[in-house]
Amino acid sequence: MKAKLTDYTLLSLMNLIVIITCLDIPIIIGYFSLLMFAFRIILLLGFLPIYLCKFKKWSSSFRFLSLFFILILFVTIIRGNSIVYALQELTSPYLIALYLEMYRDKMTKILGTWQKVLLVLLICDLGTMIIFPNGLYRTLYNINWFLGYKTQRFVYYLPLCLISTFLSKKNGKTGLSSYAIILACVLGLYKSKATAALACIAFIGLCCFILDMKGKFSHSKKILYKILNYKIFIPVFGIIAYLLVVVQDSAFLQYIVQNLFKKDATLTTRTKVWNIATQEVMKTPILGKGLLTTKQYSQMFLNDYATSAHNMYLSILITSGLVGMIIYAAAMIAALRRKDGVYQDNEVIMVFGIMACLIVGMTSSTVVFSSFAFLPFMVLASGRPQKKTAPKRMLSPVYKRA
């Protein structure tokens, strides 16, 4: 009994250490960034030999992610960019992915600990919004609260919503506490005016509701099953992302943006940034330029406010070229693919999480290398291969007639 208790305590402590070292909260990270980076390096140097020796079979998704990160580091070096900066940025998402890969059988306990930490961050963020309604502090032109500005909080709100609903759906329907968390995140994103991120969290909440009521809404269920087919939604998102990038070259698309979405034709000067980014991609289309610093992006766009490509897809292409984009897509497909074509109810939540990242990624680069960027990949990867005996209730990504 004592041995089990000690193992549980050590696992909880390790879960806590891993997530704390991977947090990137603007208001406090400046004081501890180097220390947290050092801890991440130590943890990776400790975990990797264990993983390489102990685990004979890697999940396909983790193999592709590892190759993706190695490619970025390699290109960063050969292009003469800062390898230290690249390691600082990439060690967080890779540590999270590696840890989930190593302890697949303890996934529930790990996610349970991380849920508590993320919930504390949400409470702190909402608390500062209530106490400081006009902003806790300002940077350039942005109003910031505990978790930063606009979409910066999305990288913590999204995993909290996904983890909460994933764990509650293991026991059946989505719990009231999960709906409360989703609602709180929606309010936080509304206050910070993060429109796309707000729509994604609201979408996840709506899908959870449909899943809980799937016995009563047969037509909605059919539509939902079609949406879950990665062979459909990945190309669709790719096409939409492309249309957004070329919007300034199309009078028709500009008309839609201005009249349907009530936005300026440049999407707050994003299309100008995307135009320059596209030109830069064409200069090194195969391998990209490696991971660039915010200063390098500002110099590239001749704009102090443009510290990223403001587009996840362009960020990947600039960083690692077509090769990197193909590897990234392969990691995603490896996580989404199921040999027998079915997802368990709680796995569907993670599919929605990937879709949410793709949507927000159309106008933001915040998600692509964030700490929890590959959380849905690894949780879905842990469900493969599935056992031959199917669970009682399962959802198919493609609707099948009886």
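See the structure printed just above.
The sections below set out a description of the structure shown in this document.

The rules we used
- Residues numbered from 1 in each chain as written.
- Predicted model: local features only at pLDDT ≥ 70, side-chain atom pairs only at ≥ 80, totals over all residues.
- Heavy atoms only, no water.
- Helix = DSSP H or I, 4+ residues; strand = E, 2+ residues; numbered from the N terminus.
- Buried < 20%, exposed > 50% of the residue type's maximum accessible area, 1.4 Å probe, protein only.
- Contact = heavy atoms within 4.5 Å.
- Areas by Shrake-Rupley, 256 points an atom, 1.4 Å probe, with all protein chains shown as cover.
- Axes fitted to C-alpha atoms, helices over the stretch in contact; angles between N-to-C directions.
- Parallel < 35°, antiparallel > 145°, perpendicular 65-115°, else oblique.
- Left-handed = near helix turned anticlockwise from the far one by under 90°.
- Nonpolar A, V, L, I, M, F, W, Y, C, P; charged D, E, K, R; others polar.
- Core = buried A, V, L, I, M, F, W, Y, C linked by side-chain atoms within 4.5 Å.
- Phe/Tyr/Trp six-rings, centres within 6.5 Å; stacked < 30°, edge-to-face > 60°.
- Expected span 1.5 Å × (residues − 1).
- Bend = angle between axes of the 7 residues up to and from the residue.
- Polar contact = N/O pair within 3.5 Å; in protein donor to acceptor, adjacent residues only side chain to side chain.

This part is about the overall build of the chain. Check the secondary structure of the chain and you find 16 helices and 4 strands. Sorting the 402 residues of the chain into buried and exposed places 50% on the buried side. Looking at the chain alone, contacts between residues at least 24 apart form 75% of all its contacts between residues at least 6 apart. Summed over all atoms, the accessible surface of the chain reaches about 19,900 Å², with 67% contributed by carbon and sulfur.

Two elements in contact, helix H12 (residues 270-283) and helix H14 (residues 312-336), have axes separated by 9 Å at closest approach and are oriented at 30 degrees. Judged by the angle between their axes, H12 and H14 are roughly parallel. Between H12 and H14 lies a crossing of left-handed hand. Of the residues in H14, those in contact with Trp274, Ala277, Thr278 and Val281 of H12 are Leu314, Leu317 and Ile318. Grouping the amino acids of the contact of H12 with H14 by side-chain chemistry returns 6 nonpolar, 1 polar and no charged.

This brings us to unusual backbone geometry. Phi at Lys193 takes a positive value of approximately 60 degrees, unusual for a residue other than glycine. Mapped onto the elements of the fold, Lys193 is located in the loop between helix H7 (176-191) and helix H8 (195-212). Positive phi, normally seen in glycine, also occurs at Leu302, with a value near 55 degrees. One can find Leu302 in the loop between helix H13 (294-301) and H14.

In this section: the side chain of Thr151. Along the chain, Thr151 falls in the loop between strand S2 (142-144) and helix H6 (154-169). Using a relative accessible area of 16% as the deciding quantity, one classes Thr151 as buried. What Thr151 contacts, discounting residues up to four positions off in sequence, is Ala194, Val360, Ser364 and Thr366.

Turning to the nonpolar core, a few remarks are in order. Ranked by size, the top nonpolar core spans 119 residues in total, and within it Leu111 and Trp114 carry the most contacts. No other element matches the 13 residues that H14 contributes to this core. Setting aside its immediate chain neighbours within four residues, Leu111 contacts Leu100, Ile163, Phe166, Leu167, Leu375 and Val379.

What the rule picks out here adds up to 19 aromatic pairs. Both rings, one in Trp58 and one in Phe62, keep their centres 5.6 Å apart while their planes meet at 55 degrees; by these two values the pair is tilted. According to the relative accessible area criterion, Phe62 is buried, its value standing at 0%. Here Phe68 and Phe69 contribute two aromatic rings whose centre-to-centre distance is 5.9 Å and whose plane-to-plane angle is 55 degrees, an arrangement assigned as tilted. Among the residues examined, Phe69 registers a relative accessible area of 5% and is labelled buried. Three or more aromatic residues link up through ring pairs in this structure, and these residues are Tyr51, Trp58, Phe62, Phe68, Phe69, Tyr94, Tyr328, Phe369, Phe374 and Phe377.

What follows deals with H14. The terminal C-alpha atoms of H14, which comprises 25 residues, lie only 19 Å apart, well short of the 36 Å expected from a rise of 1.5 Å per residue. The sharpest bend along H14 reaches about 120 degrees and sits at Ser320. With respect to burial, H14 is a largely interior element, 19 of its 25 residues being buried.

Two numbers describe how helix H5 (residues 107-131) lies on H6: the axes approach to 9 Å, and their chain directions differ by 135 degrees. Taken together, the axes of H5 and H6 are oblique relative to one another. When you trace H5 past H6, the crossing you get is left-handed. Residues Thr108, Leu111, Gly112, Trp114, Gln115, Leu118, Leu119, Leu121, Leu122, Asp125, Leu126 and Met129 of H5 touch H6, and the partners they reach there are Tyr156, Tyr157, Pro159, Leu160, Ile163, Ser164, Phe166 and Leu167. Its residues placed into classes, the contact of H5 with H6 shows 15 nonpolar, 4 polar and 1 charged.

The sharpest bend along helix H4 (residues 83-102) reaches about 35 degrees and sits at Thr91, with the proline Pro93 one to four residues further on. One side-chain oxygen at the N-terminal end of H4 lies 3.1 Å from the backbone nitrogen of Tyr85; it belongs to Ser82.

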